[in-house]
Amino acid sequence: THTYTEAEILRVARFAFELARTRRNHVTSVDKGNVMESGAMWREIVTELHRAEFADVALEHMLADNCGMQLSRAPRRFD
């Protein structure tokens with residue numbers, strides 16, 4: 001089992017956005033929102049943080065299964 005809290009999601013997402021500003025200015029948020037409530041919550045919280053504080057950073061959401069495929073097909077797409 002695992003537990004996500006809003007504070008923990010914000011901590012991780014904020015770190016990713018701040019790091020992205022020093023790199024390619026792009027964040028891919030990966031979740032399992034298609035099968036887990038916590039994944040949907042993750043996406044919602046990350047999207048709101050992006051709007052509120054990091055609109056200058058490109059954000060895309062990707063389902064975990066698709067991310068695995070994309071990593072094997074085009075690893076340079078990810079930082």
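Right above here is the structure, for reference.
Everything in this summary refers to the structure shown in the same document.

Procedures and definitions
Residues numbered from 1 in each chain as written. Predicted model: local features only at pLDDT ≥ 70, side-chain atom pairs only at ≥ 80, totals over all residues. Heavy atoms only, no water. Helix = DSSP H or I, 4+ residues; strand = E, 2+ residues; numbered from the N terminus. Rg over C-alpha atoms; globule rule 2.2 N^0.38 Å. Buried < 20%, exposed > 50% of the residue type's maximum accessible area, 1.4 Å probe, protein only. Contact = heavy atoms within 4.5 Å. Areas by Shrake-Rupley, 256 points an atom, 1.4 Å probe, with all protein chains shown as cover. Axes fitted to C-alpha atoms, helices over the stretch in contact; angles between N-to-C directions. Parallel < 35°, antiparallel > 145°, perpendicular 65-115°, else oblique. Left-handed = near helix turned anticlockwise from the far one by under 90°. Nonpolar A, V, L, I, M, F, W, Y, C, P; charged D, E, K, R; others polar. Pairing = 2+ DSSP bridges. Right-handed = clockwise from strand over helix to strand, strands pointing away. Core = buried A, V, L, I, M, F, W, Y, C linked by side-chain atoms within 4.5 Å. 1 Å grid on protein atoms, 1.4 Å probe; cavity = no way out; pocket = protein on both sides within 12 Å on 5 of 7 lines; lining within 4 Å. Points joined across faces, edges and corners; volume = space filled by probe spheres on them.

**Comments concerning the overall build of the protein chain**
Along the protein chain, the regular secondary structure elements total 3 helices and 2 strands. Of the regular secondary structure in the protein chain, the N- to C-terminal order runs α-β-α-β-α. Against the globule reference of 12 Å for 79 residues, the protein chain gives a C-alpha radius of gyration of 13 Å, in line with a compact fold. Out of the 79 residues belonging to the protein chain, those deemed buried represent 28%. Of the contacts formed within the protein chain by residues at least 6 apart in sequence, a portion of 67% connects residues at least 24 apart. Accessible surface, the protein chain: about 5400 Å² in total, of which carbon and sulfur atoms supply 53%.

**Structural notes on the packing of helix 1 (residues 6–21) against helix 2 (residues 37–53)**
Interaxial distance between helix 1 and helix 2 falls to 10 Å at its minimum, and their mutual angle equals 50 degrees. It follows that helix 1 is oblique to helix 2 by the angle criterion. Taken as a pair, helix 1 and helix 2 cross one another with a handedness that is right-handed. Of helix 2, the residues touching helix 1 (which contributes Glu 6, Ile 9, Leu 10, Val 12, Ala 13, Arg 14, Phe 17 and Arg 21) are Met 41, Trp 42, Ile 45, Val 46, Leu 49, His 50 and Glu 53. Per-class residue counts for the contact of helix 1 with helix 2 are 10 nonpolar, 1 polar and 4 charged.

**Points about the pairing of strand 2 (residues 58–63)**
Note that strand 1 (residues 26–31) and strand 2 share 6 bridges and pair parallel. Its bridge partner being in strand 2, Val 27 is matched across the sheet by Leu 59. Where the polypeptide runs from strand 1 across helix 2 and back to strand 2, its parallel neighbour, the crossover connection is right-handed.

**A look at the nonpolar core**
Of all hydrophobic cores here, the largest spans 11 residues; its members are Ile 9, Ala 13, Phe 17, Ala 20, Val 27, Trp 42, Ile 45, Val 46, Leu 49, Phe 54 and Val 57. Those residues in contact with Ile 9 that lie beyond four places of it in its chain are Tyr 4, Met 41, Trp 42, Ile 45 and Val 46.

**A few points about the layout of surface pockets**
Of the volumes computed, that of the largest pocket is approximately 370 Å³. Among the elements that line the lining of the largest pocket, the one with the most residues is helix 1, at 6 residues.

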